[in-house]
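Spelled out, the chains give:
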Amino acid sequence: MCDQLNNWMDDKTCSDFTPESQVAPLDPDIFQVANFCLPWGASIESWSVNQDPPEVNSFTFMLTNEAYQKLYGVALTFYEPYIEELDLHKCYCLGVDPELINSRSSTDSVNHEYDPNEEAIAKRQRHFLASRVGDRVIGVTKTLCILSRWSFTLPFSNFLGFLYSRCLLSNNLDNIPFERYLGYFLFEIPFPDRAIPSISVDLCAAPILIQRPDDTNASSSR
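None of these values were measured; they are calculated from a predicted model.

So, how was this worked out
Residues numbered from 1 in each chain as written. Predicted model: local features only at pLDDT ≥ 70, side-chain atom pairs only at ≥ 80, totals over all residues. Heavy atoms only, no water. Helix = DSSP H or I, 4+ residues; strand = E, 2+ residues; numbered from the N terminus. Contact = heavy atoms within 4.5 Å. Core = buried A, V, L, I, M, F, W, Y, C linked by side-chain atoms within 4.5 Å. Buried < 20%, exposed > 50% of the residue type's maximum accessible area, 1.4 Å probe, protein only. Domains from an automatic or database assignment. Polar contact = N/O pair within 3.5 Å; in protein donor to acceptor, adjacent residues only side chain to side chain. Phe/Tyr/Trp six-rings, centres within 6.5 Å; stacked < 30°, edge-to-face > 60°. Salt bridge = Lys/Arg side-chain N within 4 Å of Asp/Glu carboxyl O. Axes fitted to C-alpha atoms, helices over the stretch in contact; angles between N-to-C directions. Parallel < 35°, antiparallel > 145°, perpendicular 65-115°, else oblique. Left-handed = near helix turned anticlockwise from the far one by under 90°. Nonpolar A, V, L, I, M, F, W, Y, C, P; charged D, E, K, R; others polar. Pairing = 2+ DSSP bridges.

Colleague: How would you explain the side chain of Ser48 if you had to name every residue and give the values?
Modeller: Take Ser48: it is sitting in strand β1 (residues 44–48). The contacts of Ser48, once residues within four sequence positions are left out, are Gln125, Asp135 and Arg136.

Quick look at the structure:
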């Protein structure tokens with residue numbers, strides 16, 4: 001399936017599937033969606049090297065505009081290593097020693113003797129080691145979100161989880177870009193209808209089942 005997807009996407013772009021004449025006007029309320037994708041707000045956080053990194057969270061929401069048109073959202077929030085420069089104020093808020101910021105790049109290249117504690121930290125923090133400062137690890141919140149006029153909660157949640165694990169983890173070995181998976185799923189997979197009420201999407205041994213939703217779960221707009 002991966003090879004087929006790679007070959008199919010070689011000559012395709014998003015513009016191939018969305019002619020300008022068929023693009024629906026953007027609802028002004030759509031610009032408020034960021035408030036729902038990160039309900040706790042965007043933040044930079046730190047945790048001890050002896051603690052597990054924060055878990056990935058998936059949740060749903062529904063937007064309704066003044067015309068009672070519904071828009072269903074599925075969001076996946078996660079953390080990425082924060083490797084940008086930190087000023088004194090951020091260091092104070094995060095509990096990070098500012099003197100270790102400047103020495104971080106030089107100490108990373110030094111070869112240390114085997115330390116079982118350091119090995120345990122490396123296994124626990126994995127790709128977050130890139131943002132380690134002393135005994136603290138720094139991460140920043142990010143989110144992925146899909147909006148639809150139909151309620152596809154479970155398949156969208158599974159697809160976002162697939163994108164995160166397959167494309168966004170720093171240690172992934174996938175040679176298919178993030179945009180190719182996204183374009184394939186959104187533009188090529190047919191919408192389930194009465195003739196074919198269930199569609200199985202096989203993304204490299206990660207099947208996602210899309211079933212036709214009830215008409216009552218659809219937006220009132222067409």
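Colleague: If you had to explain the nonpolar core to someone new, which residues and values would you point to?
Modeller: Formed by 25 residues in total, the largest nonpolar core has its most connected members in Phe159, Leu160, Leu163, Tyr181, Phe185, Val201 and Leu203. Of all the elements in the fold, those that place two or more residues in this core are β3 (70–81), β5 (136–148), α6 (153–168), α7 (178–188), β6 (198–202) and β7 (207–211). At seven residues, α6 tops the list of elements feeding residues into this core. The residues that make up this core include at least three from each of domain 1 (26–95 + 117–151) and domain 2 (154–213). Aside from chain neighbours lying at most four places away, what touches Phe185 is Phe156, Phe159, Val201, Ile208 and Ile210. In terms of nonpolar packing, the next biggest core, distinct from the first, is built from nine residues, Cys91, Val96, Val133 and Val140 among them.

Colleague: Now, about the side chain of Thr141: what can you tell me, with residues and values included?
Modeller: Note on placement: Thr141 falls in strand β5. In this structure the side chain of Thr141 is engaged in a polar contact, spanning 2.9 Å, whose partner is the backbone nitrogen of Ser43.

Colleague: Give a description of the packing of aromatic side chains that names residues and reports values.
Modeller: In total, this model carries nine aromatic pairs according to the counting rule given. Measuring from centroid to centroid gives 6.0 Å for Trp47 and Tyr79, while their planes differ by 85°, and the two rings are edge-to-face. In this pair, Trp47 is assigned in strand β1 and Tyr79 in strand β3, connecting sequence segments 32 residues apart. Each member of the pair, Trp47 as well as Tyr79, carries the same accessibility label: buried. The interplanar angle of 85° and the centroid separation of 5.1 Å between the aromatic rings of Phe162 and Tyr181 together place this pair among those described as edge-to-face. With Phe162 in helix α6 and Tyr181 in helix α7, the pair connects residues that are 19 residues apart, well separated along the chain. The two residues Phe162 and Tyr181 agree in class, both being buried. Following the ring pairs from residue to residue traces out a cluster consisting of Trp150, Phe152, Phe156, Phe159, Phe185 and Phe191.

Colleague: Any details on the pattern of salt bridges? Residues and values, ideally.
Modeller: Tallied over the entire structure, the rule returns three salt bridges. Its salt-bridge partner being Arg132, residue Glu118 comes within 2.8 Å of it at the nearest N-O pair. On the criterion of sequence distance, the pair formed by Glu118 in helix α5 (residues 116–125) and Arg132 in strand β4 (residues 132–133) is long-range, its members being 14 residues apart. On the accessibility criterion, Arg132 (22% relative accessible area) is partly exposed.

Colleague: Let's hear about the packing of α6 against α7: which residues, and what values?
Modeller: Taken N-terminus to C-terminus, the directions of α6 and α7 make an angle of 160°; their axes are 10 Å apart at the nearest point. It follows from the interaxial angle that α6 and α7 lie roughly antiparallel. Note that α6 runs across α7; the crossing there is right-handed. Across the interface between the two elements, Phe156, Phe159, Phe162, Leu163, Arg166, Cys167 and Leu168 of α6 pack against Phe178, Tyr181, Leu182 and Phe185 of α7. Split into classes, the residues belonging to the contact of α6 with α7 amount to ten nonpolar, no polar and one charged.

Colleague: Account for the environment of Cys145, naming residues and giving values.
Modeller: The residue Cys145 is located in strand β5 in this model. With relative accessibility at 30%, the residue Cys145 sits in the partly exposed group. The spacing of Cys145 and Leu38 is 107 residues in sequence and 9.8 Å in space, taken between C-alpha atoms. Those residues within four positions of Cys145 in sequence are excluded, and the remaining contacts are Cys37, Phe61, Val74, Ala75 and Leu160.

Colleague: Outline the pairing of strand β2 (residues 57–64), supporting the account with residue identities and numerical values.
Modeller: As judged from the eight bridges shared by β2 and β3, these two strands associate in the antiparallel manner. Note on β3: the bridge partner recorded for Leu63 is Leu71. In textbook terms, the turn of a hairpin is the stretch between consecutive antiparallel strands, and for β2 and β3 this stretch comprises five residues, one of which, Tyr68, has a positive phi near 65°.

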